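# Descriptive analysis of the structure
If you want the building blocks of each chain, they are given just below.
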Amino acid sequence: MQGERLVDVERSALAVLVAAHVADGWRFAMLVGLDDRGSPWPAASGAPAIGGPGGAGFAVEVVLERPAEPILRLRAALPADEPSYASVGRLVPAALWDEREVKDLFGIVPEGHPDPRRLVLHETYPKGFHPLRVDAPAEVPEGSTDRHYVPFAVHGEGVYQLPVGPIHAGVIEPGHFRFSVIGESVLFLDARLFFTHRGIEKLVEGRSFERALPIVERACGVCGVAHALAFSIAVERLAGTVVPDRADRLRAILAEFERLYNHVGDLGNMCAGIGFNVGSSQLGWLKERLLRTNESLTGHRYLAGAVAPGGLAIEPGRDALSALPDRLVEVEGDLRAALRAVAGSEFAADRFRATGHVPRETALRLGAAGVAARASGLAMDLRRDHPTGAYGEFRALVCTSDAGDAAARFDVRAHEAQASIDLLRELLADLPEGPTRVPVGPVEPGRSALGWAEGPRGASWLWLRAGDGGTVNRLHLRSASFANWPVVAAAAPGNLVPDFPLINKSFELCYACTDR
Amino acid sequence: MDLFDRLRLALRAGVVTSRYPAELPLLQAAVRGLPEVDPDRCQRDGACVAACPTGAIELSASSWAVDAGRCVMCGVCERACPSEAIRLGSHVTLAARTPEGLVHRTELRQVMEP
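Residues numbered from 1 in each chain as written. Chains lettered and ligands numbered in written order. Predicted model: local features only at pLDDT ≥ 70, side-chain atom pairs only at ≥ 80, totals over all residues.

Now for the overall build of chain B. Looking only at helices and strands, chain B features 3 helices and 5 strands. Starting at the N terminus and ending at the C terminus, chain B contains elements arranged as α-β-α-β-β-α-β-β. Relative to the 2.2 N^0.38 estimate, which gives 13 Å for 114 residues, the radius of gyration of chain B is 20 Å and therefore markedly larger than a compact globule would have. In terms of overall dimensions, chain B has a C-alpha envelope of 80 × 30 × 25 Å along the principal axes. (Helix = DSSP H or I, 4+ residues; strand = E, 2+ residues; numbered from the N terminus. Rg over C-alpha atoms; globule rule 2.2 N^0.38 Å.)

So, about the overall build of chain A. Broken down by element type, chain A carries 17 helices and 14 strands. Considering only C-alpha atoms, chain A reaches an extent of 70 × 65 × 45 Å along its principal axes. Residue pairs at least 24 apart in sequence account for 68% of intrachain contacts in chain A once pairs closer than 6 positions are excluded. (Contact = placed C-beta atoms within 7 Å.)

Let us look at the interface of chain B and chain A. Listed per partner, the contact involves 18 residues of chain B and 23 residues of chain A. Looking at the side of chain B that touches chain A, the element that brings in the most residues is helix α1 (residues 3-13) of chain B, giving 5 residues. Of the residues that constitute the side of chain B that touches chain A, the class distribution is 13 nonpolar, 2 polar and 3 charged. (Nonpolar A, V, L, I, M, F, W, Y, C, P; charged D, E, K, R; others polar.)

Next up on the list: helix α4 (residues 209-217) of chain A. Across the 9 residues that make up α4(A), a large majority, 8, are buried. A:F209, A:R211, A:A212, A:L213, A:P214, A:I215, A:V216 and A:E217 are the residues of α4(A) that are buried. Taken together, the buried residues of α4(A) touch α3 (200-203), α5 (224-239), β10 (307-308) and β14 (472-478) of chain A together with α2 (47-51) and α3 (76-80) of chain B. (Buried ≥ 20, exposed ≤ 12 C-beta atoms within 10 Å, placed from the backbone.)

We now examine the sheet that holds strand β3 (residues 63-67) of chain B. All names here are of chain B. The 3 strands are arranged β2-β3-β5 in an open sheet whose pairing can be described as antiparallel. Two strands lie at the open edges of the sheet, namely β2 (57-59) and β5 (103-107), each paired on one side alone. Strand-to-strand, the axes of this sheet are offset by a mean angle of 15°, without reference to chain direction. Two strands pair when backbone bridges link them, and β3 and β5 are joined in this way by 5 bridges, in the antiparallel orientation. Each residue of the ladder has a partner; that of S63, found in β5, is E107. (Pairing = 2+ DSSP bridges. Axes fitted to C-alpha atoms, helices over the stretch in contact; angles between N-to-C directions.)

Within the largest apolar cluster, 157 residues are counted, with the highest numbers of intra-cluster contacts made by A:V18, A:V60, A:V216, A:A230, A:A234 and A:L462. The leading source of residues in this core is helix α6 (residues 245-273) of chain A, at 13 residues. In this structure, this core is formed jointly by two domains, domain 1 (1-137) and domain 2 (200-515) of chain A, each of which donates at least three residues. Aside from chain neighbours lying at most four places away, what touches A:V18 is A:F28, A:V62, A:L64, A:L74, A:V88 and A:V92. Within the second largest apolar cluster, 18 residues are counted, among which are B:C48, B:W64, B:C71 and B:I86. (Core = buried A, V, L, I, M, F, W, Y, C linked by C-beta atoms within 7 Å. Domains from an automatic or database assignment.)

For the rest of this paragraph, the subject is the environment of A:P174. All names here are of chain A. Position of P174 among the secondary structure elements: in the loop between β7 (160-164) and β8 (176-182). Judged by the 16 C-beta atoms lying within 10 Å of it, P174 falls in the partly exposed class. Separated by 19 residues in the primary sequence, P174 and L193 have C-alpha atoms spaced 7.3 Å apart. Residues contacting P174, with those up to four places away along its chain left out, are G165, P166, I167, F195, T196 and Y511.

Residues and elements named next belong to chain A. Each neighbour pair has its own omega, and for G165 with P166 the value is 10°, a cis peptide bond. Structurally, the position occupied by P166 is in the loop between β7 and β8. Unlike most non-glycine residues, F194 shows phi in positive territory, near 70°. Locating F194 in the fold gives a position in the loop between β9 (185-192) and α3.

Here we come to the sheet that holds β14(A). Within a sheet, neighbouring strands are paired by backbone hydrogen bonds and run either parallel or antiparallel to one another. Residues and elements named next belong to chain A. Pairing within the open sheet is antiparallel, and its 3 strands lie in the order β12-β13-β14. On the outer flanks of this sheet lie β12 (448-455) and β14, each paired with one strand and no other. Here the average twist between neighbouring strands, direction ignored, is 15°. Note that β12 and strand β13 (residues 458-466) share 8 bridges and pair antiparallel. Across the sheet, residue W452 finds its bridge partner in β13, namely W461. Strand contacts of helix α15 (residues 480-491): β12, β13 and β14, with the helix running at about 130° to β13, the strand carrying the most contacts.

Attention now goes to the domain arrangement of chain A. Residue and element names in this part refer to chain A. You can read the domains of chain A as domain 1 (1-137) and domain 2 (200-515). For the side of domain 1 that touches domain 2, the secondary structure elements donating two or more residues are β2 (27-35), β3 (58-65) and α2 (96-106). Per-element accounting of the side of domain 1 that touches domain 2 gives the leading share, 6 residues, to β2. The residue inventory of the side of domain 1 that touches domain 2, partitioned by class, reads 19 nonpolar, no polar and 3 charged.

Moving on, we get to the confidence of the model for chain B. For chain B, the mean per-residue pLDDT works out to 86, and 95% of the residues sit at or above 70. Taken element by element, chain B is modelled with least confidence in α1(B), mean pLDDT 83, and with most confidence in β3(B), mean pLDDT 94. (pLDDT = per-residue confidence, 0-100.)

Residue and element names in this part refer to chain A. Their axes nearest at 8 Å, the elements α6 and helix α7 (residues 277-298) cross at an angle of 160°. Between α6 and α7, the crossing angle belongs to the class labelled roughly antiparallel. With respect to the hand of their crossing, α6 and α7 are arranged in left-handed fashion. Where α6 approaches α7, its residues F257, L260, Y261, V264, G265, L267, G268, C271 and A272 are matched on the opposing element by G279, S280, L283, G284, L286, K287, L290, L291, T293 and N294. Considering only residue class, the contact of α6 with α7 consists of 11 nonpolar, 7 polar and 1 charged. (Parallel < 35°, antiparallel > 145°, perpendicular 65-115°, else oblique. Left-handed = near helix turned anticlockwise from the far one by under 90°.)

Structure below.
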């Protein structure tokens, strides 16, 4: 398939191969687990059966990307009776969480992994229960559990542990943060997430693409366009669907509006993180107006339901579209006024600067994505590196900063918000006429493809394999937030505890699209 | 930027919150709220029930019901209905005091069996 290359490798060689590619400028995108025991697709059909003829075992697949090159999929078959392989994360830390997730959900063991703890399925789940295995029971079985959670922490004289969450003072999602502190200084942070794990990947198994989409799209509330785009692109790549020009253009418009309202809201949240109320209320009100614009375009404040395989399920009305240029002028003026208020505040600069510093090397090693990566000097953006749809013609400006602190993440967001406004103006000019949706053709069962989109927080990667009759056989969604949480934990040490709310907000990650 | 500039920003924005629930939220014309059924058009073929990704729709001999606790307003039912009897309406104030209160039921017209 054009744009991606699937290579079968030995399980003993996988980790070394991935490490060699990463050393050569490739970036780790995701690691996908597969259980192909009893798979119905014979190897001879050309469908990628895994684990030998008939599909006899498990597999892991590592997806790597490098700008302007076909995306590389390295697949290693694992025997059914001993599903293990040499840990990739031991050499490429960006894969550490992926491997823990695959271990929980499939029981596939990464040998030599430095962190043996559970990740997705907390200790309350029975031992030996791996829900994504083909023979997993529908309900969580009774069984012995290991209810004791062991946080990673620093021990020693004068070192205390400060537990925060999972219930927080504020309307935010659940996460447990275990700080090791001396006085006010953070020595180490262990973040425990996945309290909102809903089993989305299991939920969509066997569903038609149309019935799977609303669930994938709602993996989180604020990255829906990115997830829906990644899913739709994967389906279209499987079916060989060519999306009409008008739909491509409108999809990019929706994706940029998603970026814009998120960035505006996140800039406001960073102001809230330091108690700078002028900034948070001005930007909060601007975000609200953008949400109403979203509603005028798609009938949904968070743009859900519009993007679908083959184009758009809901086409923005002509009145709503023609109102956008004036709306953008207003948004641009108000955004600049609010940002001037923040820029003019020495107090804000004092809190933002040098707080939550992530060096370029750390961001690279941990596989940071999106704003978090670009604010640490990594010029990466899927809109430019692997353009889909209208982004081939309309080039996105990649905004970076070398500073790596909260101030850099604020500035990168501010520049990207302005760049989105500029790009929206280009996208809205001479909008092509024509249909906005074409039927998606049949998809050969057993074929798999990738989908991707650059969301407000970075790359949404989606791995999709079709089952019989246009259904989902296996779907894996790796959000930018999943990539960035280990970076948040790395950004905390060396800062004061009261700066953590700001550090957290400077990344502004989704819990739900991490937990899925 | 001094305090007066900040004050000017705040005064220019004014009061932007609404007096909910006395004033209902401002809705755009395109809003897609809870699905509504046209009892005259519904053929009771169950296409919506089969299509709904969250299992929010229930069809009985005399009524069609959607559970706002499950519905995500995705519009799959609207597109699945062969007789175009369903459309997403503008009903968006869905809070209820009981789970049963979330179920919105429409009585269907009694169809004579041939």
